[in-house]
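# Structure at a glance
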Number of protein chains: 4
Amino acid sequence: MGGNSFGTLFKLTTFGESHGSAIGGIIDGCPAGLQLDLEKIRGAMARRKPGQSILTTQRQEADEFEILSGVFEGKTLGTPLAFIIRNQDYKPSDYETVKTVFRPSHADYTYHVKYGHRDHRGGGRSSARETAARVFAGAVAMQFLEQAGIQIQAYVSQVGPHKLAIPYTELDLSTIESTAVRCPDLRMAETMSDYISKLKAEGDTTGGVITCILKQIPPGLGEPVFDKFQADLAKACMSINAAHAFDYGSGFDAASMKGSEHNDVFEKDMHGKVITKK
Amino acid sequence: MGGNSFGTLFKLTTFGESHGSAIGGIIDGCPAGLQLDLEKIRGAMARRKPGQSILTTQRQEADEFEILSGVFEGKTLGTPLAFIIRNQDYKPSDYETVKTVFRPSHADYTYHVKYGHRDHRGGGRSSARETAARVFAGAVAMQFLEQAGIQIQAYVSQVGPHKLAIPYTELDLSTIESTAVRCPDLRMAETMSDYISKLKAEGDTTGGVITCILKQIPPGLGEPVFDKFQADLAKACMSINAAHAFDYGSGFDAASMKGSEHNDVFEKDMHGKVITKK
Amino acid sequence: MGGNSFGTLFKLTTFGESHGSAIGGIIDGCPAGLQLDLEKIRGAMARRKPGQSILTTQRQEADEFEILSGVFEGKTLGTPLAFIIRNQDYKPSDYETVKTVFRPSHADYTYHVKYGHRDHRGGGRSSARETAARVFAGAVAMQFLEQAGIQIQAYVSQVGPHKLAIPYTELDLSTIESTAVRCPDLRMAETMSDYISKLKAEGDTTGGVITCILKQIPPGLGEPVFDKFQADLAKACMSINAAHAFDYGSGFDAASMKGSEHNDVFEKDMHGKVITKK
Amino acid sequence: MGGNSFGTLFKLTTFGESHGSAIGGIIDGCPAGLQLDLEKIRGAMARRKPGQSILTTQRQEADEFEILSGVFEGKTLGTPLAFIIRNQDYKPSDYETVKTVFRPSHADYTYHVKYGHRDHRGGGRSSARETAARVFAGAVAMQFLEQAGIQIQAYVSQVGPHKLAIPYTELDLSTIESTAVRCPDLRMAETMSDYISKLKAEGDTTGGVITCILKQIPPGLGEPVFDKFQADLAKACMSINAAHAFDYGSGFDAASMKGSEHNDVFEKDMHGKVITKK
């Protein structure tokens, strides 16, 4: 039984091994009539692309995509939008050595047990390269959400022991993309970069935290009781390779708070709109 | 909301407009370790291919497929098996005349109302070309089913007024492929071919009936109460372009039968296996 | 894996064995704010109820339902609408004799093989009693569809060899409920009833055909390519106990028709609305 | 569109408002032949039941369940297992005052916007009472998992600022149930209880953390890439009322760890079984 689809109304199904001929996916349910800005998709793909700075993996991939269906005369048709991204950095010999090795903290062993037959080249299906298809679909979804006024911005808020303590409301989120590490606090971004470089020189890696800010989300998204908005977000995030934790709103901090501190009281703003008290 | 997936354990999601760059699909849930015989898939694709005889549409397509994922060293990985079939017979100018015409008994008008924006070239997503992706996936499924001893054979049993009255048990099903019209009774096959040729000369077309024989189906396939085996088969068949009816077992003939005529009595064969009385 | 749910936006999940304590179901996705007319639901349940005439099974059931959730102050909440129907005609001793018998053309043997452990009393889950839950949910759905102007009417058009040849457009569908056999042609209704009575006296039963007329269906219902409207209808109908065939529109008659006879040509009516030529 | 189902092979659909006549659910996909221990289910329900100690809500509910289907002669049938739990503590007048009030940090306002019509009595569908149905289904699932040797134990590891720092491997998990607050460290349990009692006297509440230990989980559970085991767990947990965070394995601690510290190296134990190095 496969688990390679996500979503209901806007459903993404992905495919691809890291060293097969291509990765990609099908978006089923993208509304018709959306004027697709390919440059924005390219921008999102470029942002994810490996090998951009010395801080990331050095795999070289152009990550150029081809849209095979679902778009006609620049606009979505409401039919399945299929896309493929060819793999370029394919040197099978590189991976002969790992054929009989289960890398620590990777899915190699799990795939071996689960499927019997596996593509051992660079993780195969379990490679983080799989996320390129998510990025593509996300870039399409983003264009739809933008029309609805919804804003989504994410930044790196922790790298190893270096944690950005400033709340997002006091950060200039427009600077996120200007740093290699995508942290909107320039001083902290430098600290993080230095830390990663140092670890890299030692042949080591680090963990981190990404903070994502959603604005103009209308009330009532998600479906009770199992498909709550935060539940679907949690599933989406925890399905990304190496994700170990998810929090929402006050997150784990809520554990040590009193109800009286934690509660959001409803009130009306000057226009009569219901908001939570600040 | 999309409807481009079929199946649960072995789930096919398809994409593609008839005159876009490609059609294809993703099979999610194909078991790992299946030695895939590409020749058998090519055979199935060739069997469906338009332009094979004067009896069918004259569209020219090589219908060569490319498998992008899910297969490694000739065997399925258990991961999504993605495949694409490039469209070749793409002459946009051919279709300029139908841009503002809703062809009778086609989905043009329905797509226009449903999606607003549509690919008017040859039906777009509603083209019967879409079934090529089903044929590919069916050819993969067939290889899996063959391992389980299940046999599936289909033939044309009616074309226009010409109906093959001989029960399948008295036909030589190995001759199905030897006639252009795929009818295992050679005399009837000729009658059918002549009828189609005559209609074609008149600029007309005809309806028909396909009979499909399933052998060695184990008891208990399907899931009560909504996903019964015959219910899923009916959905699959009725989702094919231009399908108007489905029957199963005694079908509509059951309406005029008495229970005493219709009932299958269980008995044991000489090996003690439960069978229905002949 | 269960198959006891049907539908996506308006999803019905049913439960219940024929001689367990109750049958029922949950409707998930019924829109909020629907003023529910319980009398209409009672009417639909009464219409299905066994023991109404000498023509049907003599099982006695009040088929009173209880709504457990999803309705508040007479209106639906948008939350799951759960309902139960208690089984009354429960005499376990009646069924001791069938404990070790697989009735012909019933699912007893299939359940035995599939599940190992089965409720042998009157078919258990495979009993046609299961359809009472479908009738309840259908009666709720009908109230929603009525608001959208959609009309659905069904009648018996064939019983054994007796077939109603008059097209529905020439029948007075308001008379359907006035006959025990639910045929809107009174003379044919009598013929059908007599035939059933005669067979019953002989300890036999008969097949039949139900014709269902849908009016005011907006274009664009269903989802291409697998979840076409007719495909979902076919699945729904073929999942009903003992259903053997489904046809839609011209149905099997289309097989013997020429394209030129069969095609629906689009034209505009006097109000400029697109219709198919009569 | 409803979101009241969870799971695929073992699928739970729940229903019920906190002050409607009943809550409950249907389990579709429970394997046949499971000897159901009702006492264990009663134990799980009793464990969840409100009003057990002065630390929890004082609502009085017997939480007796009735199984309506899916079980015959003490064993599951493989058919849907429906269960209901009647609501007893139903005093509508209690809630007249909240009819026009949106309680802070509750879903009242969201339901109002989403559905228009809502059951304002004690939260209706958004009440934490809904979790009783999850507990019932979990208690059935647990009996199935126990047969497979899988062990699941959960305890309270933090209440407000009081955090149990001892790793689970050094705790006696058999003592979990012996404290009102379900913390296996008796001293900490007392501290937690005192803290809650103090807050309660002040009319306040607190947050907390639950730690859940899974043992004997076979490799390969879950489905890549979206339905990973941890992703489905995250969704399940985050769909519980008031849940704000989920972590798995090293969780948020992984953010500050180096790869070299974090990685699990595979090795073989003395029996040749692949394990992760301790």
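The paragraphs below set out a description of the structure included in this document. (Residues numbered from 1 in each chain as written. Chains lettered and ligands numbered in written order. Predicted model: local features only at pLDDT ≥ 70, side-chain atom pairs only at ≥ 80, totals over all residues. Heavy atoms only, no water.)

## Structural notes on the sheet that holds strand β1 (residues 5-6) of chain B
All names here are of chain B. Basically, it comes down to this: Paired strands, in this sense, are two strands between which DSSP finds at least two bridges. Numbering of helices and strands runs from the N terminus; a helix is a DSSP stretch of H or I covering at least four residues, while a strand is a stretch of E covering at least two. Throughout, a contact is declared for two residues whenever any of their heavy atoms are within 4.5 Å. Simply put, an axis is a line fit to the C-alpha atoms, just over the touching stretch for a helix, and the angle between two N-to-C directions goes from 0 to 180 degrees.
With antiparallel pairing, five strands are arranged side by side in an open sheet as β1-β2-β3-β7-β4. Single-partner strands in this sheet number two, and they are β1 and β4 (65-67). Two elements, β1 and strand β2 (residues 11-15), share two bridges in a ladder whose sense is antiparallel. Note that in β2 the partner of F6 across the bridge is L12. Across the face of the sheet, helix α1 (residues 38-48) comes into contact with β4 and β7 (81-86) while running at roughly 145° to β4.

## Quick notes on the interface of chain A and chain D
Here is the rule we go by: Once two parts are joined, some of their accessible surface, as seen by a 1.4 Å probe, is lost; buried area is that loss totalled over both. By definition, a salt bridge exists where a carboxyl oxygen of Asp or Glu is found within 4 Å of a side-chain nitrogen of Lys or Arg. Here a polar contact is taken to be a pair of N or O atoms separated by no more than 3.5 Å, where protein atoms must pair a possible hydrogen donor with a possible acceptor and residues adjacent in sequence count only if both atoms sit in side chains. Just so you know the grouping, Ala, Val, Leu, Ile, Met, Phe, Trp, Tyr, Cys and Pro go in nonpolar, Asp, Glu, Lys and Arg go in charged, and all remaining residues, Gly too, go in polar.
On the side of chain D, 76 residues touch chain A, which itself brings 76 residues to the contact. For the pair chain A and chain D, the summed buried surface comes to about 6,100 Å²; carbon and sulfur atoms form 61% of the total. Counting the contacts that link chain A with chain D gives six salt bridges. Salt-bridge contacts for E223(D) lead to K114(A); the nearest nitrogen and oxygen are separated by 3.2 Å. Connecting chain A to chain D are 42 residue pairs in polar contact (both at pLDDT 80 or more). Here the residues of the side of chain A that touches chain D are counted per class, giving 33 nonpolar, 28 polar and 15 charged.

## Observations regarding the interface of chain B and chain A
Every contact between the two is made by 45 residues of chain B and, on the other side, 45 residues of chain A. Counting across the interface, chain B meets chain A through two salt bridges. Where E66(B) meets R86(A), a salt bridge forms, and the shortest distance between an N and an O atom there is 2.7 Å. Taken together, chain B and chain A are joined by 17 residue pairs in polar contact (both at pLDDT 80 or more).

## Re the sheet that holds strand β3 (residues 22-28) of chain A
Residue and element names in this part refer to chain A. A sheet is described by the order of its strands in space; here five strands give the open sequence β1-β2-β3-β7-β4, paired in antiparallel fashion. The two strands at the open ends of the sheet, each matched to only one other strand, are β1 (5-6) and β4 (65-67). Lying over the sheet, helix α3 (residues 131-147) contacts β2 (11-15), β3, β4 and β7 (81-86), oriented at roughly 35° with respect to β3.

Honestly, that's just the spatial picture; any functional story needs more than this.
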